[in-house]
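Structural overview for review
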Amino acid sequence: MEKRVVFSKLGLPILLVAPQIVITLVFFIWPASQALYQSLLLEDAFGLKSQFVWLDNFIALFSDPHYLNSFARTVVFSAATAGLSLGVALFLAAMADRVLKGATAYRTLIVWPYAVAPAVAGVLWFFMFNPSIGILAYLLKGLGYDWNHYLDGTDAMMLVILAASWKQVSYNFLFFLAGLQAIPRSLVEAAAIDGARPFKRFWTIVFPLLSPTAFFLLVVNIVYAFFDTFGIVHATTSGGPAQSTTILVYKVFNDGFIGLDLGGSAAQSVVLMAVVITLTVFQFRYIERKVAY
Amino acid sequence: MVENRPWLTVFSHVVLCLGVLVTALPIWIAFVASTHPADSMLSGRTPLLPGGNMLENYATVLGSGVKAAGSIPVGTMLWNSFVMALMIAVGKIAISIIAAYAIVYFRFPLRKTCFWVIFITLMLPVEVRILPTFGVVASLDMLNSYWGLSVPLIASATATFLFRQFFLTVPEELAEAARIDGAGPLKFFRDILLPLSRTNIAALFVILFIFGWNQYLWPLLVTTDEGFYTIVMGIQRMLQAEDAEPAWHEIMATSMLAMLPPVLVVVFMQRLFVKGLIEQEK
């Protein structure tokens with residue numbers, strides 16, 4: 001879509017886009033191209049000499065069991081986080097869509113964790129599951145399960161999944177509720193008159209109509225689990241114990257800033273960029289389809 | 001609804017109440033922990049009801065900070081977070097609204113290129129380019145400054161798109177009428193477009209303020225001077241800076257303070273918040 005009525009000046013528009021273009025070039029395009037370039041270099045231990053090694057960094061990366069392990073953990077983590085937070089949010093939204101009284105109050109009370117920083121959310125759950133003083137760890141001990149995320153990798157993974165999902169439910173809930181409320185009542189009522197029970201109505205009418213929202217949220221949730229959860233991992237488990245919660249974003253940071261492996265870290269950045277680009281393209285294709293409806 | 005299923009309605013309310021409880025549980029526990037003295041945590045289990053040490057705990061963290069973590073007063077960190085969030089929100093809105101204006105209302109060479117340069121930032125979250133971005137900021141001598149904290153996060157494709165979409169829906173007649181009346185582009189922008197975008201700006205501001213306040217990785221990298229610590233990253237220092245058992249009552253008091261401003265924004269500006277959130281994803 002284009003405007004028919006436009007102003008015909010030359011200097012002014014360039015002046016107006018200049019701030020954003022300059023910031024984008026300096027802080028986005030230049031660093032990203034640096035990452036691309038560095039991912040093809042191998043630096044010696046002192047950072048004095050670097051050598052052009054083509055794709056060696058990537059080959060090293062994908063033959064490194066630690067990296068593959070981290071990749072697998074990220075997939076598990078994002079699938080679990082997206083699945084848990086989408087499922088809970090959909091269930092709650094379907095319930096909230098039914099009730100007439102207090103729907104806004106419920107929305108307010110469920111939505112606010114969106115405002116909590118991922119790192120803070122992590123710390124809260126970390127505290128509740130603290131093996132020596134945490135209330136949930138205490139309850140689990142009562143049930144006969146000895147929770148310890150300092151030692152047990154599975155416990156640590158569950159901790160970060162819970163914290164990440166707790167925060168994300170609010171966002172998904174908001175979109176699901178908006179999607180549910182946009183579904184014409186007449187469709188659901190017609191089905192009810194024909195004798196379809198609530199459960200059947202949900203799966204045969206409501207859910208298919210909601211699928212664009214669900215699909216969009218799936219992409220957003222995967223992006224969230226891949227990138228925004230850095231704070232949760234860093235503030236609580238620090239990737240441990242024994243790398244069991246080292247997700248890819250955390251590994252880029254750790255190898256680059258702590259391990260000072262510039263080429264390897266840059267190669268990891270490039271892999272992550274490829275992931276974001278794939279997801280963004282995916283999402284845009286889908287949005288185009290939605291517009292064509 | 002054409003049917004009446006009282007039990008299903010009761011069930012819905014029960015499920016929603018459970019959802020609200022689970023949502024609130026971590027905050028309640030954190031609040032309770034922040035009102036107890038240090039030693040009541042050592043008995044082996046967190047208490048479930050608030051204690052009597054609330055004012056002392058909050059006064060300690062706000063005024064003098066947590067000792068084992070370098071004693072930066074949380075008041076300073078709150079101020080830093082506030083400045084950073086404000087700079088990011090205002091900066092993003094300011095540069096993207098003028099960029100969107102130029103792209104929609106002018107025809108100039110390289111217009112498409114500019115559009116794509118902005119668009120591509122969608123695909124480069126700060127996490128994937130941290131090392132080189134850190135290098136750029138370091139070489140510009142922007143470490144440990146409010147500029148270093150905020151400017152690299154300011155460029156935003158989403159805000160530019162939002163304004164672009166909005167400008168495209170503004171009737172052509174307005175621009176025509178303005179031109180016939182002899183208004184120049186700047187006057188048109190200031191007197192017509194800006195007032196029309198007011199709610200969009202407000203909604204975006206709410207979202208961006210929360211986004212800025214909750215930044216974690218970036219402040220962690222660019223601040224080494226304690227005077228520039230933001231509160232969200234400061235909590236992590238408190239957790240890991242010590243060898244002994246962390247001072248949970250003070251950490252939880254700090255967490256409460258870190259959550260308070262963005263949560264208040266969401267609760268009290270809910271209409272704007274929902275609008276901003278949903279429009280940003282279009």
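Please read these numbers as outputs of a predicted model, since none were measured by experiment.

**Points about empty space enclosed by the protein**
Residue and element names in this part refer to chain B.
- Under the definition given, this model contains 1 cavity of 30 Å³ or more.
- Its boundaries defined by the atoms lining it, the largest cavity holds a volume of some 60 Å³.
- Forming the boundary of the largest cavity are Ala100, Ile103, Phe115, Ile118, Phe119, Ala157, Thr160, Phe161 and Arg164.
- Of all elements in the fold, only α3 (74-105), α4 (111-120) and α7 (157-169) reach the threshold of two or more residues within the lining of the largest cavity.
- Ranked by residues supplied to the lining of the largest cavity, first place goes to α7 with 4 residues.
- Looking at the lining of the largest cavity residue by residue, the classes come out as 7 nonpolar, 1 polar and 1 charged.

**Some points on the interface of chain B and chain A**
- Across the boundary between the two partners, chain B contributes 112 residues, which contact 99 residues of chain A.
- Summed over both partners, the interface of chain B with chain A comes to about 9,800 Å²; 76% of that surface belongs to carbon and sulfur atoms.
- Taken together, the connections running from chain B to chain A amount to 0 salt bridges.
- At the junction of chain B and chain A, the tally comes to 9 residue pairs in polar contact (both at pLDDT 80 or more).
- In terms of residues, the side of chain B that touches chain A owes the most to one element, helix α1 (residues 6-34) of chain B, which gives 19 residues.
- Here the residues of the side of chain B that touches chain A sort into 81 nonpolar, 18 polar and 13 charged.

**A look at the layout of surface pockets**
- Taken as a whole, the second largest pocket encloses approximately 880 Å³ of empty space.
- Lining the second largest pocket we find 32 residues, and of these Ala94(A), Asp97(A), Arg98(A), Arg201(A) and Leu8(B) sit closest to its centre.
- Contributions of two or more residues to the lining of the second largest pocket are made by α3 (65-98), α7 (153-181), α8 (185-193) and α9 (198-228) of chain A together with α1 of chain B.
- Taken together, the residues of the lining of the second largest pocket break down into 20 nonpolar, 4 polar and 8 charged.

**Focus: a nonpolar patch on the surface**
- Residues Tyr37(A), Phe52(A), Trp54(A), Leu55(A) and Ile59(A) make up a contiguous nonpolar surface patch of about 590 Å² in total accessible area.
- With respect to the element layout, Phe52(A) can be found in strand β2 (residues 50-52).

**A word on the packing of aromatic side chains**
- Taken as a whole and judged by the stated rule, the model has 40 aromatic pairs over all chains.
- Both rings, one in Phe115(B) and one in Phe161(B), keep their centres 5.5 Å apart while their planes meet at 75 degrees; by these two values the pair is edge-to-face. In this pair, Phe115(B) is assigned in helix α4 and Phe161(B) in helix α7, connecting sequence segments 46 residues apart.
- Judged by relative accessible area, Phe115(B) falls into the buried class, the value being 18%.
- A network of ring pairs unites the aromatic residues Tyr101(B), Tyr105(B), Phe106(B), Phe163(B), Phe166(B), Phe167(B), Phe188(B) and Phe189(B) as a single cluster.
- Just above the ring of Tyr114(A) sits the side chain of Lys167(A); from NZ or CZ to the centre is 5.1 Å.

**Some remarks on the environment of Leu86(B)**
Residues and elements named next belong to chain B.
- Mapped onto the elements, Leu86 comes out in helix α3.
- Separated by 127 residues in the primary sequence, Leu86 and Trp213 have C-alpha atoms spaced 8.3 Å apart.
- The residues contacting Leu86, other than those within four sequence positions of it, are Gly91, Phe205 and Phe209.

**Some thoughts on the packing of α3(B) against helix α9 (residues 185-196) of chain B**
Residues and elements named next belong to chain B.
- Following both chains from N to C, one finds α3 and α9 inclined at 115 degrees, their axes separated by 12 Å at the closest point. By the angle between their directions, the pair α3 and α9 is classed as roughly perpendicular. As for how α3 packs across α9, the hand of that crossing is right-handed. Of the residues in α9, those touching α3 at Ile97, Ile98, Tyr101 and Tyr105 are Pro185, Leu186, Phe188, Phe189, Leu193 and Leu194.
- Partitioned by chemical class, the residues of the contact of α3 with α9 number 10 nonpolar, no polar and no charged.

**Some details on the pattern of salt bridges**
- This model, assessed by the stated rule, comprises 4 salt bridges over all chains.
- For the salt bridge of Arg185(A) with Asp97(A), the shortest nitrogen-to-oxygen distance reads 2.9 Å. Residue Arg185(A) is located in helix α8, and its partner Asp97(A) is located in helix α3; the two are separated by 88 residues in the primary sequence.
- With a relative accessible area of 42%, Arg185(A) lands in the partly exposed category.
- For Asp97(A), a relative accessible area of 16% puts it in the buried group.
- Between Asp191(B) and Lys187(B) there is a salt bridge, with the nearest N and O atoms lying 3.0 Å from each other. Here the residue Asp191(B) and the residue Lys187(B) both occupy positions in helix α9, the gap between them amounting to 4 residues, near one helical turn.
- Given the relative accessible area of 39%, Asp191(B) is considered partly exposed.
- The partly exposed category is assigned to Lys187(B), whose relative accessible area is 43%.
- Counted as one network, the salt bridges with shared partners bring together Lys187(B), Arg190(B) and Asp191(B).

Cut-offs used in this document
Residues numbered from 1 in each chain as written. Chains lettered and ligands numbered in written order. Predicted model: local features only at pLDDT ≥ 70, side-chain atom pairs only at ≥ 80, totals over all residues. Heavy atoms only, no water. 1 Å grid on protein atoms, 1.4 Å probe; cavity = no way out; pocket = protein on both sides within 12 Å on 5 of 7 lines; lining within 4 Å. Points joined across faces, edges and corners; volume = space filled by probe spheres on them. Helix = DSSP H or I, 4+ residues; strand = E, 2+ residues; numbered from the N terminus. Nonpolar A, V, L, I, M, F, W, Y, C, P; charged D, E, K, R; others polar. Contact = heavy atoms within 4.5 Å. Buried area = accessible area lost by both parts, 1.4 Å probe. Salt bridge = Lys/Arg side-chain N within 4 Å of Asp/Glu carboxyl O. Polar contact = N/O pair within 3.5 Å; in protein donor to acceptor, adjacent residues only side chain to side chain. Patch = residues over 30% accessible without salt bridge, like charges linked within 9 Å, V, L, I, M, F, W, Y side chains within 5 Å. Areas by Shrake-Rupley, 256 points an atom, 1.4 Å probe, with all protein chains shown as cover. Phe/Tyr/Trp six-rings, centres within 6.5 Å; stacked < 30°, edge-to-face > 60°. Buried < 20%, exposed > 50% of the residue type's maximum accessible area, 1.4 Å probe, protein only. Lys NZ or Arg CZ within 6 Å of the ring centre and 35° of its normal. Axes fitted to C-alpha atoms, helices over the stretch in contact; angles between N-to-C directions. Parallel < 35°, antiparallel > 145°, perpendicular 65-115°, else oblique. Left-handed = near helix turned anticlockwise from the far one by under 90°.

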